[in-house]
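Listed here are the chains, written in short residue letters.
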Amino acid sequence: MASAASVLIFGDRSSAQDAVQAVLEAGGDTVVNVSRSAVPVDLSVFDTIWSLSFSSSYGAALEDDLIDFVGAGGGLYLTFERPCCEAANDSVQRIINESLLAGSVTVGGFGDVAGTFSYNASAIGNMDAGLAAGWPPSAPGQMSGVSGDNVVVSSDVTGRAVAAGWNEADLGSGRIAAFGDVDWLSGIDANEAQVVLNTQEFLFDGYVGEDPDADLSAVPLPAAGWLLIAGLGGMGALRRRKK
């Protein structure tokens, strides 16, 4: 379960921003919700950032700030879109590519896609959790150059990703989730709210739910555990002396 986070939401779809804010605040997070033109200068005070900006280019300065935010270990949600919004898609593409340690993606420029979609049960950080119920794509944007567990949802028609994710192994630090639609966040139902919470958990903690690969050695042993170990060690020494 994710701890409370400090979250920035910005964009140009106020209804979607307000809906995400309501879900995250109900989950215990502290949220600042602004237009893209009012994004704070200092992003270091935030744990995660949700960009619901899609109508135009971010501009190089904001792109650079978001790249630096991921590089400092932050979690970033990005929105990309269908052919309506290629200028914003170009910004998303630059942010992802400048953040990746290797490889590159192409965001947008592929036209509309319909048909069925597949949810990757091996998606990075268990990001597919709840998506089949909460995120059925509708005229989503597409992204190429994404493979393996970085693909979260893909088109069965084109094979391209319509939702993707990357973590520290791909970026060096930080996490990125990119979904090819903004409309799903306007008027959020219970299933969509769960997807928002799950995505926030990935951005903040790196895994949705209990991570089976968590390093158990990093968990502090209770005092009683140390006493038990010491007692067992003493019994071993006693046996050695009796021999």
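For the structure, see preceding data.
Here the structure is a predicted model, which is why all the values come from computation and not from measurement.

Draft legend 1. Broad picture of the overall build of the protein chain. Each helix and strand in the protein chain was counted, giving 7 helices and 10 strands. Out of the 243 residues in the protein chain, the part that is buried amounts to 46%. Relative to all contacts within the protein chain whose residues are 6 or more apart in sequence, the contacts with residues 24 or more apart total 69%. In the structure as shown, the protein chain presents an accessible area of about 11100 Å², 54% of it carried by carbon and sulfur atoms.

Draft legend 2. Spatial organisation of the nonpolar core. Among the nonpolar cores identified, the biggest contains 35 residues, and Trp-50, Tyr-77 and Phe-179 are the most heavily contacted of them. Counting only elements with at least two residues in this core, the list comes to β1 (6–11), α1 (14–26), β3 (48–52), β8 (151–155), β9 (161–166), β10 (175–179) and α6 (190–205). The greatest single-element share of this core, amounting to 5 residues, is contributed by α6. Core analysis: the next-biggest nonpolar cluster, separate from the first, contains 32 residues, Val-39, Leu-78, Val-107 and Ala-178 among them.

Draft legend 3. Looking closely at the environment of Phe-69. Residue placement: Phe-69 occurs in helix α2 (residues 60–71). The exposure class of Phe-69 is buried, given its relative accessible area of 6%. Distance from Phe-69 to Asp-42, taken between C-alpha atoms, is 9.6 Å for residues 27 residues apart in sequence. Apart from the residues within four sequence positions on either side, Phe-69 is in contact with Leu-43, Phe-46, Asp-47, Thr-48, Ile-49, Gly-74 and Gly-75.

Draft legend 4. Representation of the side chain of Asn-89. By the secondary structure assignment, Asn-89 is in helix α3 (residues 86–99). Of the polar contacts made by the side chain of Asn-89, one reaches the side chain of Glu-86; its length is 2.8 Å. Not counting residues up to four positions away in its chain, the partners in contact with Asn-89 are Phe-80, Glu-81, Arg-82, Val-107 and Gly-108.

Draft legend 5. Inspection of the packing of aromatic side chains at higher detail. Across all of its chains, the model carries 6 aromatic pairs by this definition. On the basis of an interplanar angle of 80° and a centroid distance of 6.1 Å, the ring pair of Phe-10 and Tyr-58 is categorised as edge-to-face. Placement of Phe-10 in strand β1 and of Tyr-58 in the loop between β3 and α2 is noted, with a sequence separation of 48 residues between them. Like Phe-10, the residue Tyr-58 is buried in the burial classification.

Draft legend 6. Inspection of unusual backbone geometry at higher detail. Within the chain, Asn-126 stands out as a residue other than glycine whose phi angle is a positive 60°. Residue placement: Asn-126 occurs in the loop between β6 (117–119) and α4 (131–134). In the Ramachandran plot, Ala-139 falls in the positive-phi region, its phi being about 50° despite a non-glycine side chain. For Ala-139, the location among the structural elements is in the loop between α4 and β7 (143–144).

Draft legend 7. Structural context of α1. Given a rise of 1.5 Å per residue, 13 residues ought to cover 18 Å, and the 18 Å separating the end C-alpha atoms of α1 matches this to within 8%. Of the positions making up α1, those classed as buried are Ala-16, Gln-17, Ala-19, Val-20, Gln-21, Val-23 and Leu-24. In this fold, the buried residues of α1 make contact with β1, β2 (30–35), β3 and α6.

Draft legend 8. Structural detail: the pairing of β3. Most of β3 sits out of view: 5 of its 5 residues are buried. Along β3, one buried face is formed by Thr-48, Trp-50 and Leu-52 and the opposite face, lined by Ile-49 and Ser-51, is buried too. Sheet topology note: the β1/β3 ladder contains 5 bridges and is parallel. Within β3, the position partnered with Phe-10 by the bridge is Ser-51. For β3 and strand β4 (residues 75–79), the ladder comprises 3 bridges, and the chain directions are parallel. Paired with Ile-49 across the two strands is Leu-76, which belongs to β4. Handedness of the crossover is the feature at issue here: the chain leaves β3, passes through α2, returns alongside β4, and the resulting connection is right-handed.

About the cut-offs
Residues numbered from 1 in each chain as written. Predicted model: local features only at pLDDT ≥ 70, side-chain atom pairs only at ≥ 80, totals over all residues. Heavy atoms only, no water. Helix = DSSP H or I, 4+ residues; strand = E, 2+ residues; numbered from the N terminus. Buried < 20%, exposed > 50% of the residue type's maximum accessible area, 1.4 Å probe, protein only. Contact = heavy atoms within 4.5 Å. Areas by Shrake-Rupley, 256 points an atom, 1.4 Å probe, with all protein chains shown as cover. Core = buried A, V, L, I, M, F, W, Y, C linked by side-chain atoms within 4.5 Å. Polar contact = N/O pair within 3.5 Å; in protein donor to acceptor, adjacent residues only side chain to side chain. Phe/Tyr/Trp six-rings, centres within 6.5 Å; stacked < 30°, edge-to-face > 60°. Expected span 1.5 Å × (residues − 1). Pairing = 2+ DSSP bridges. Right-handed = clockwise from strand over helix to strand, strands pointing away.

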